[in-house]
Amino acid sequence: MKRSNLLVRSPPPSRHPNCRRYSSSGDTPLRPKCLASLVRRSTAETIPKILRSRPATDFTPSLASETLKLLWNDSQKSLLLFESLVATHPTSLSLASFNLAIDVAARSRQFSAVTSMICRMRSMGINPTLRTFSIVMERYVLAGKPERAIKVFTFMHEYGCPQDLHAFNTLLDVLCKAKRVEMAWDRVFKVFARRFAADRVSYNIIANGWCLVKRVGKALEILKVMLRKGIEPSSSTYNVVLKGFFRAGQVEEGWKFFLEMKKRKCGVDIVSYTTVVHGLGVAGEVGRAQKVFDEMAKVGILPSVATYNALIQVLCKKDSVKNAISVFNEMRRKGYTPNVTTYNLLIRGLCHAGHRDRAMEYMESMKKEDCDDNTQDDGDGSRPNVQTYNLLIRYFCDAGEIERAMSSFEEMNRGDYCLPNLDTYNILISSMFVRKRSEDLIVAGKLLVEMVERGFRPRRFAFNRVLNGLLLTGNQGFAQEILRMQSKFSHLPRQFKL
DNA sequence: TTAACGAGCA
């Protein structure tokens, strides 16, 4: 498949404004955005050559890991960069870069590549940590192979990572977060609890697992077991159950539990308040949510950005986006810095109310704040992320503004903030069927090709839909091409070995 | 190492 065929092209060869001399060696240090852009426009053959042409001093561990982060949604290119760095500048690879590469490989189910990366990092004197193994375990669970995750846990000490309580809790958490709480309880907790001396955190994780599948009764049972065993519940334990009630739609039970927590002084904190503001609000009890929010100042618990976000979301969903904007302005006046979630909530609220132009203004201020802000202390600050782009694209598509959606997509595809993910492609491909135009179906086909090239696995449904569309509009040749890609794609090796 | 704000599916 020639990329030049693609209507939805990879980024134009625009130089990043911060990057004056990225294609030849010079005295300007290489920045992550420039290296990412360079890698995306190069091939497996040229990437190592380009890397060799630059002085070794350019390749710091942070350049390597930041660039891999930017290439997160292009698994092919990020793995190519990783392999090329191994060959040309191995000292630039830190634990962080290995973890990123392992995550990307595992996400596309290349588990044998994961094993070799772990062996390679050890041979380079970088020991895989629990973080490394939690990535692998999580990917196995998400790939529908939870028993493999358990196996990784039983083997990991052979790869230099201690099997301890911390690791035990991490495995429990990985399973519970993927809603495999029964497996976590029966196959891990019961089997290993004594050996690793399960603690309060272990029980909290299980209680949370039950709450995630909306079985608060089971979480309360865990609470009883803790009390029986003399393990004192923490504020996290109570907050988990509190959230569980609201998540399960048991609003009044949640409210009673909150009152009881206050009465018995069991660690009511900022998390409990945020949970209640959000829980009451999304259940439509906006007045009560607002009252709880106002109560915080009186009891001396100041709201955090997350609390403001909860209130803003509630107002957008159940009240008016106008009031949400007032709260947003108020939080800024008080000196809070909105994060990417705050902006995404407002942008979604505005789009939902049909104000897409105003939503775009907030998008622009996010980008502006990113330029003004050099500190970036918590990593991503308020830069637009994949959710920001996806929600804008989704609303543009829903409103029939396909061109606007495509222009946001192209901007995203420049890769200054993030690259399109599976959701982005799914949203756009679906929207290509609304106008019933032959040219739209070609775009859908090209998007499908591009997503496969970047390591995403479209559902069979997407393949069939695009194929049918192309055949019906007389694009037999392109349909054949996609069919060939699909047959190759479905035979990708699915090795599960570690 | 666990808990709050985001996060969809044929």
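All values reported here derive from a predicted model rather than from experimental measurement.

A. Layout of the protein's contact with DNA strand B. In the region of DNA strand B, 30 residues are neighbours, and Asn169, Lys243, Asn309, Gln313 and Arg348 sit closest. The sugar-phosphate share of atoms of DNA strand B within 4 Å of the protein amounts to 59%. Asn169 places a polar side-chain atom, nitrogen or oxygen, 2.5 Å from a base oxygen of DNA strand B. A distance of 3.2 Å is found between a base nitrogen of DNA strand B and a side-chain nitrogen or oxygen belonging to Arg459. Listing elements by their share of the surface near DNA strand B, those giving two or more residues are helix H9 (165–177), helix H11 (200–212), helix H13 (235–247), helix H15 (270–282), helix H17 (305–318) and helix H19 (340–352). Of all the elements, H13 adds the most residues to the surface near DNA strand B, at six residues.

B. Focus on the pattern of salt bridges. Tallied over the full model, the rule gives 22 salt bridges. For the salt bridge of Arg139 with Asp103, the shortest nitrogen-to-oxygen distance reads 2.6 Å. Residue Arg139 is located in helix H7 (residues 130–142), and its partner Asp103 is located in helix H5 (residues 95–107); the two are separated by 36 residues in the primary sequence. For the pair Arg139 and Asp103, one class covers both residues: buried.

C. Seen up close, the packing of aromatic side chains. Applying the stated rule across the entire model yields 20 aromatic pairs. With a centroid separation of 5.0 Å and 65 degrees between ring planes, the pair formed by Phe189 and Tyr203 is classed as edge-to-face. Of this pair, Phe189 sits in helix H10 (residues 181–196) while Tyr203 sits in helix H11, and the two are 14 residues apart along the sequence. Look at Tyr203 and you get buried, because its relative accessible area is 5%. Sitting above the plane of the Trp210 ring, Lys218 keeps its charged end 5.1 Å from the centroid. Above the plane of the ring of Trp255 lies Arg288, whose end atom (NZ or CZ) is 4.9 Å from the centre.

D. Quick look at the confidence of the model for chain A. Looking at chain A, pLDDT values average 89 and 91% of them are 70 or higher. Across residues 491–498, where pLDDT falls below 50, the model places 23 contacts with residues more than four positions away in sequence or in other chains.

E. Layout of the packing of helix H14 (residues 251–263) against H15. In the contact formed by H14 and H15, the axes pass within 11 Å of each other and the chain directions differ by 155 degrees. On the basis of their axis angle, the class for H14 and H15 is roughly antiparallel. In this structure, H14 meets H15 at a crossing whose hand is left-handed. In this structure, H14 contributes Val251, Trp255, Phe258, Met261 and Lys262 to the contact, and H15 contributes Ser272, Tyr273, Val276 and Leu280.

About the criteria used
Residues numbered from 1 in each chain as written. Chains lettered and ligands numbered in written order. Predicted model: local features only at pLDDT ≥ 70, side-chain atom pairs only at ≥ 80, totals over all residues. Heavy atoms only, no water. Near = heavy atom within 4 Å. Polar contact = N/O pair within 3.5 Å; in protein donor to acceptor, adjacent residues only side chain to side chain. Helix = DSSP H or I, 4+ residues; strand = E, 2+ residues; numbered from the N terminus. Salt bridge = Lys/Arg side-chain N within 4 Å of Asp/Glu carboxyl O. Buried < 20%, exposed > 50% of the residue type's maximum accessible area, 1.4 Å probe, protein only. Phe/Tyr/Trp six-rings, centres within 6.5 Å; stacked < 30°, edge-to-face > 60°. Lys NZ or Arg CZ within 6 Å of the ring centre and 35° of its normal. pLDDT = per-residue confidence, 0-100. Contact = heavy atoms within 4.5 Å. Axes fitted to C-alpha atoms, helices over the stretch in contact; angles between N-to-C directions. Parallel < 35°, antiparallel > 145°, perpendicular 65-115°, else oblique. Left-handed = near helix turned anticlockwise from the far one by under 90°.

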